[in-house]
Amino acid sequence: MTVAPRLRLDPLLSALENATELAQIQGIIEDLRTLFGVDHMVYHWVSAAGDQYGCGTYSLDWKHRYLDKEYLRVDPVIQGCFQHFHPVDWKRLDWSGKAVRAFRQEAIEYGVGNQGYSVPVRGPNGQFALLTVSHTCDDDTWSDFTAKNRRDLILLAHYFNKKALDFEPDRSPEPSQPLSPREVDAITFLAMGYSRAQVAEALSISEHTLRVYIESARFKLGAMNTVHAVAKALSRGLIVV
Amino acid sequence: MLRYIYGNDLIHYPKLRDSMFRDRADQFKTRLNWAVTVDSDGQERDEYDDLNPLYVIWETPAGAHGGSMRLLPTTGPTMVNDHFSHLTGGGAITSPLIWECTRFCLARDAGQNVAGALMLAGGEIMHNFGIEHYVGVFDARMERIYRFIGSSPDIIGQQGEGRNRISVGLWEFTGDARAKVARRAGLSLAISELWFNRAFGHMQGDLVKSA
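Residues numbered from 1 in each chain as written. Chains lettered and ligands numbered in written order. Predicted model: local features only at pLDDT ≥ 70, side-chain atom pairs only at ≥ 80, totals over all residues.

Draft legend 1. Geometry of the overall build of chain A. Along chain A, the regular secondary structure elements total 10 helices and 5 strands. Computed over its C-alpha atoms, the radius of gyration of chain A comes to 19 Å, within 12% of the 18 Å expected for a compact globule of 241 residues. Across its three principal axes, chain A shows a C-alpha extent of roughly 60 × 45 × 30 Å. Relative to its 241 residues, chain A shows a buried fraction of 42%. For chain A, long-range pairs separated by at least 24 residues make up 59% of all intrachain contacts whose partners lie at least 6 apart in sequence. (Helix = DSSP H or I, 4+ residues; strand = E, 2+ residues; numbered from the N terminus. Rg over C-alpha atoms; globule rule 2.2 N^0.38 Å. Buried ≥ 20, exposed ≤ 12 C-beta atoms within 10 Å, placed from the backbone. Contact = placed C-beta atoms within 7 Å.)

Structure, rendered in structure tokens:
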């Protein structure tokens, strides 16, 4: 497994943001899977009524099997993530029950992998979804992978969900959250080439506070990193330098 | 011991739950006289308790609430963004990597280590879940307590004076800080990790072998 190189992640994120149909999302998640170097990446929306929708790289056989057998009721990943908001390494879940053990054995036979990491997302009005990566490897390899990539995976989960919400019928896209005046200031100074220490000094805030404003601006702009965020803010005309 | 409990699981801890909401009434209504709502059972709750937050609770040896805080991701409704954005530079702070910490509460008879233990729990969450910052709302007394336990936030905005002052602040933790906070709370990182794993599940070895 390799850490996703930033330079290639950004165009995929832009493609996600600009996608207008589901088929494009499927292509993007396949590319992301390759980029992260894992066996699978899956976005999975579950409604309170148990309806499901998603995209990802699990085999069609496994998808059908999962639906036919109503594994939603058994899957500890769903049970462990539903209504929560912390990311979950599958090793923390309870796989001890008989039905769960059988489910797990089958998932492995269908190529899901022996490792997994899922990021739950709470959308508006009780909406719930997960972004999952799964893989076959030993524990140390997996913990290295999640430690290096969890930040990107958490952000990606939310960007996928935002797009999925846009695709809901009869739903106008969520308005992008405006940058706050402080965030505009921070991104503007960064765009002008100031270092973080210089920006913090210019705004009379600590570097820690500056990091929070940058983090928040990054998320609102749908970016994975600061360079990407600055580029987006410039191209959307949100900052002037 | 430290407990980490989502709102929908509080039903399994009735004594802890009721004593927490009563202690919150005692702190925020009786002692601080904030404009909070206390029900006929003497318990304080607000609309954010309905959003299934994650509570971190210090449980006393008698099984009651000794102190607590309430966490929510800033991607959903938060107290800071809904009510205090004038203190944060006029806009929402929003990221799945930034969680809000509110209703930081200590029982009247709380031991000296409780505030530090709650801080340590905050560090565990950051360390294990990849959360990078907390934004919090707190009263003047908490400012002193945070300073005392060596976890002073960056204060980004304040309103009111003296004991009525309300602040919005930011925390972040480094690995070093986690060990320091543990030491000050009189707890070992091993114990803290055990409590965390009891709530969120132990990292079991290779799942294939156990399957």
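This is not the end of the story, as more comes after the structure.
Draft legend 2. Geometry of the overall build of chain B. The helix and strand inventory of chain B stands at 7 helices and 7 strands. The order of α-helices and β-strands along chain B, N terminus first, is β-α-β-β-α-β-α-β-α-β-β-α-α-α. Rg of the C-alpha trace for chain B: 17 Å, near the compact-globule value of 17 Å for 211 residues, within the 12% margin. C-alpha atoms of chain B, sized along the principal axes, occupy 60 × 40 × 30 Å. Per-residue burial for chain B yields a buried fraction of 45% across its 211 residues.

Draft legend 3. The arrangement of helix α2 (residues 22-36) of chain A in detail. Residues and elements named next belong to chain A. With 15 residues, α2 should reach 21 Å at 1.5 Å per residue; the first-to-last C-alpha distance of 21 Å fits that figure. By the burial criterion, the buried members of α2 are Ile25, Ile28, Ile29, Leu32 and Phe36. Projected down its long axis, α2 shows its buried positions confined to an angular sector of 100°, all on one face. Positive backbone phi, approximately 70°, marks glycine 37, located one or two places after α2. (Expected span 1.5 Å × (residues − 1). Arc of directions from axis to C-beta.)

Draft legend 4. A look at the sheet that holds strand β7 (residues 166-171) of chain B. Residue and element names in this part refer to chain B. The strand order β1-β2-β3-β4-β5-β7-β6 describes an open sheet built from 7 strands, whose pairing is mixed. Of all the strands in the sheet, just β1 (2-6) and β6 (154-159) have a single pairing partner and so form its edges. On average, each strand axis in the sheet is inclined to that of its neighbour by 20°, with strand direction left out of account. (Pairing = 2+ DSSP bridges. Axes fitted to C-alpha atoms, helices over the stretch in contact; angles between N-to-C directions.)

Draft legend 5. View of the interface of chain A and chain B. The interface of chain A with chain B comprises 40 residues on the first partner and 35 residues on the second. Counting residues per element, the ones that place at least two in the side of chain A that touches chain B are α5 (98-109), α6 (139-166), α7 (181-191) and α9 (207-220) of chain A. The biggest single contributor to the side of chain A that touches chain B is α9(A), with 7 residues. A per-class count over the side of chain A that touches chain B returns 13 nonpolar, 12 polar and 15 charged. (Nonpolar A, V, L, I, M, F, W, Y, C, P; charged D, E, K, R; others polar.)

Draft legend 6. Just the pairing of strand β5 (residues 133-139) of chain B, in detail. Residues and elements named next belong to chain B. With 7 of its 7 residues buried, β5 lies for the most part within the structure. Of the two faces of β5, the one holding His133, Val135, Val137 and Asp139 and the one holding Tyr134, Gly136 and Phe138 are both buried throughout. Taken together, the 4 bridges between strand β4 (residues 98-106) and β5 define a ladder with parallel strand orientation. Bridge pairing in β5 places cysteine 101 opposite glycine 136. Tracing the backbone out of β4, into helix α3 (residues 114-129) and back to the parallel element β5 gives a crossover that is right-handed. Of the strand pairs in this sheet, β5 and β7 are connected by 6 bridges, and their pairing is antiparallel. Bridge pairing links valine 135 to leucine 170 in β7. (Right-handed = clockwise from strand over helix to strand, strands pointing away.)

Interpretation in functional terms is not warranted from these geometric data alone.
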